[in-house]
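# Reading the structure
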Amino acid sequence: MFWPVIPKSPASWKVPPNLLDYEPTVATFSWDAVRGAFQGLPENRGFNIAHEAVDRHADGPLSDRVAIRWLGAEGATLSIRYGELKTRTNRFANVLKGLGIGKADTVAVLLGRIPELYIAALGTLKNTSVFCPLFSAFGPEPVYQRLSRGDAKILLTTERAYRQKVAPLMARLPRLQSVLLVDAREHASDRLLSLPRLMAEAADAFVIPPTDPEDIAVLHFTSGTTGMPKGALHVHGAALTHYLTGQYVMDFHPDDVFWCTADPGWVTGTSYGIIAPLLHGITNVVDEADFDAVRWCRILQAERVTVWYTAPTAIRRFMRMGIEPARQYDLSRLRLVHSVGEPLNPEAVVWGLQALGMPIHDNWWQTETGGIMIANFPAMDIRPGSMGQPLPGIEAAIVERADGGVRVIEKPNVQGDLALRPGWPSMFRGYLHDDARYQKCFVDGWYLTGDLARRDADGYFWFVGRADDIIKTSGHMVGPFEVESTLMAHPAVAEAGVIGKPDPLIGEMVKAFVSLKPDFAPSDALRLELIGFARQRLGSAVAPKEIAFTPDLPKNKAGKIMRRLLKARELGLPEEDLSTLEDSG
Ligand code: AMP
């Protein structure tokens, strides 16, 4: 189906966008000029994200501005002003310091979207320690993998999550010095401490130690296809990208109220759910509750949200429920709606026109890029289904693999690997403990994103698919290997192959194909047992929703399970090149 271009003109703007002329801005762009937006630490002590996001506002005219507007799942609300945010994050930094935690030590957080999470994130950055968020719906196995691979020294969590997920892991985590419980009144032991008590005893003042822009600030785990999760390392200097995308993509203006619905367990929830809005000194709405269409409409209205950043799965839920927020709610303050994380169907972009009174702006990036790289900018015509054009300062290309390297495909509309020219400020600086894997991402002066895409003659990029077997379910990345390994820990399972099965609502659903050991026979009871087994260990966000039994799994000559073939068979697609199948020759 042909989707007409959605034109943009000054008549359609509630506020003139910050980026008006794309081409001239690209032509004259320099990252050095972006640096001018920041203050730097006093006395030339360097550059720290938390200073730029909190302290410089707290010490200036924005001190009384609401920085975080928190909406509790049960109806409580809390507004934390920049001045207060400075004190609270200082206290947390002092807590860490008091525990002997310093530069480059990892502080992990397994929490829902509660104020402590945000205070811990910024306080950790102030202390020049490394903030490592874990998605609160993870089960014990993903939590263990990330805490041990991330060398976490501190973990913040709740009493309940500690009991259910962490306590059984403690003996296997010798490097984990202390667990700080956000809801415990008293310390239980040297290793199990009460955060409220520590915060009450901590001093209000904290001097941010010297911070190099290249110091590691955030550790985000992302899924691989062939191994356990990879820890992508991000530096303080990444804030330049967060600031610039806040200015050009999110189009922040001083009075904005911004709401990013992503959870900080994933990169969107830290880069845009914490850092970018605070760098701009605006109000950042945080909702503790999970998706609820009516609740979300009420929040847009009651909090007078001006810029909204959400995800395709949520938009598709609205569409399916037939909810058109603009009809029943006062969205007169809403100016821009953005989406990220999975392909945004053209229908959804156009749905926004009627249901929200404006189109939805798709943008593209990934954990490794640290910030938005390709976007539909507010002043730019939208081609529904396209991810938009590269951010000024970002060189993106479609490349093909040739002669052991890569070659740029200049011809428009040809599918290839989406590649970026390395060197932007928020580019990941490594995979923790895995330099070989990091180096493999860079070929002939390009960073290969792992996505397939094409570029049209006017420079708009169009997503085609992943080049690997990574699964995107409800916008969350799931590595098939992690799921397969867990299933194979069940006594009945001989082998498992896991794929993403396309799903109209959640993008892809995790589906496992399982072959059983000789003494076991397929049955519905066993299927349910395996689903329960996986859920208990992996958590609902990662565990398979469907399991199919199969006598054997297709493998290549090296004995590797061919997930692509499983997927082709599941979808009834041609099985393409079978020459590497185990029994084909
Ligand atoms: P993550 O690292 O979890 O943020 O996932 C990044 C991946 O999500 C990308 O490499 C893409 O495969 C996918 N993705 C992100 N944004 C988009 C988008 N706008 N359209 C299509 N796929 C996207």
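Residues numbered from 1 in each chain as written. Predicted model: local features only at pLDDT ≥ 70, side-chain atom pairs only at ≥ 80, totals over all residues. Heavy atoms only, no water.

### Overview of the pattern of salt bridges
- For the structure on display, the rule yields 40 salt bridges.
- Of the charged contacts in the structure, one is a salt bridge between Arg91 and Asp204, with a shortest N-O distance of 2.5 Å. Placement of the pair is Arg91 in helix 4 (residues 82-98) and Asp204 in the loop between helix 8 (195-201) and strand 8 (216-222), with a sequence separation of 113 residues.
- Looking at Asp204, the relative accessible area reads 40%, which means it is partly exposed.
- Ionic pairing is found between Glu546 and Lys501, a salt bridge with its closest N-O pair at 3.1 Å. Linking Glu546 in strand 27 (residues 546-549) with Lys501 in strand 25 (residues 493-503), this pair joins segments that are 45 residues apart in sequence.
- On the basis of relative accessible area, Lys501 is assigned to the partly exposed category, the value being 21%. (Salt bridge = Lys/Arg side-chain N within 4 Å of Asp/Glu carboxyl O. Helix = DSSP H or I, 4+ residues; strand = E, 2+ residues; numbered from the N terminus. Buried < 20%, exposed > 50% of the residue type's maximum accessible area, 1.4 Å probe, protein only.)

### A few points about the pairing of strand 19 (residues 416-420)
- With five of five residues buried, strand 19 lies mostly within the body of the structure.
- Across four bridges, strand 19 lies against strand 21 (residues 446-455) in antiparallel orientation. By the bridge assignment for strand 21, Ala419 is matched with Leu448. (Pairing = 2+ DSSP bridges.)

### Quick notes on the packing of aromatic side chains
- The tally for this structure, following the rule as stated, stands at 25 aromatic pairs.
- Centre to centre, the rings of Phe135 and Phe138 are 5.9 Å apart; their planes meet at 90°, and the pair counts as edge-to-face. Of the two residues examined, Phe135 and Phe138, each falls in the buried class.
- Ring geometry for Tyr438 and Phe442: centres 5.0 Å apart, planes at 65°, overall edge-to-face.
- With relative accessibility at 22%, the residue Phe442 sits in the partly exposed group.
- The structure contains a cluster of three or more aromatic residues connected by ring pairs, namely Trp259, Phe291, Trp296, Trp308, Phe318 and Trp351.
- Lying across the ring of Phe138, Arg146 places its NZ or CZ 4.4 Å from the centre.
- Above the plane of the ring of Phe291 lies Arg317, whose end atom (NZ or CZ) is 5.4 Å from the centre. (Phe/Tyr/Trp six-rings, centres within 6.5 Å; stacked < 30°, edge-to-face > 60°. Lys NZ or Arg CZ within 6 Å of the ring centre and 35° of its normal.)

### Section: the domain arrangement of the protein chain
- Taken domain by domain, the protein chain comprises domain 1 (10-20 + 34-386), domain 2 (395-465) and domain 3 (469-571).
- Taking the mean C-alpha position of each, domain 1 and domain 2 sit 27 Å from one another.
- The interface is formed by 37 residues belonging to domain 1 together with 23 residues belonging to domain 2.
- Summed over both partners, the interface of domain 1 with domain 2 buries about 2,400 Å², with 57% contributed by carbon and sulfur atoms.
- The partner of Asp458 in a salt bridge is Arg383, and the shortest N-O contact between them spans 2.9 Å.
- Linking domain 1 with domain 2 are 18 residue pairs in polar contact (both at pLDDT 80 or more).
- Counting residues per element, the ones that place at least two in the side of domain 1 that touches domain 2 are strand 8, strand 9 (230-235) and helix 9 (239-248).
- Looking at the side of domain 1 that touches domain 2, the element that brings in the most residues is strand 9, giving six residues. (Domains from an automatic or database assignment. Contact = heavy atoms within 4.5 Å. Buried area = accessible area lost by both parts, 1.4 Å probe. Polar contact = N/O pair within 3.5 Å; in protein donor to acceptor, adjacent residues only side chain to side chain.)

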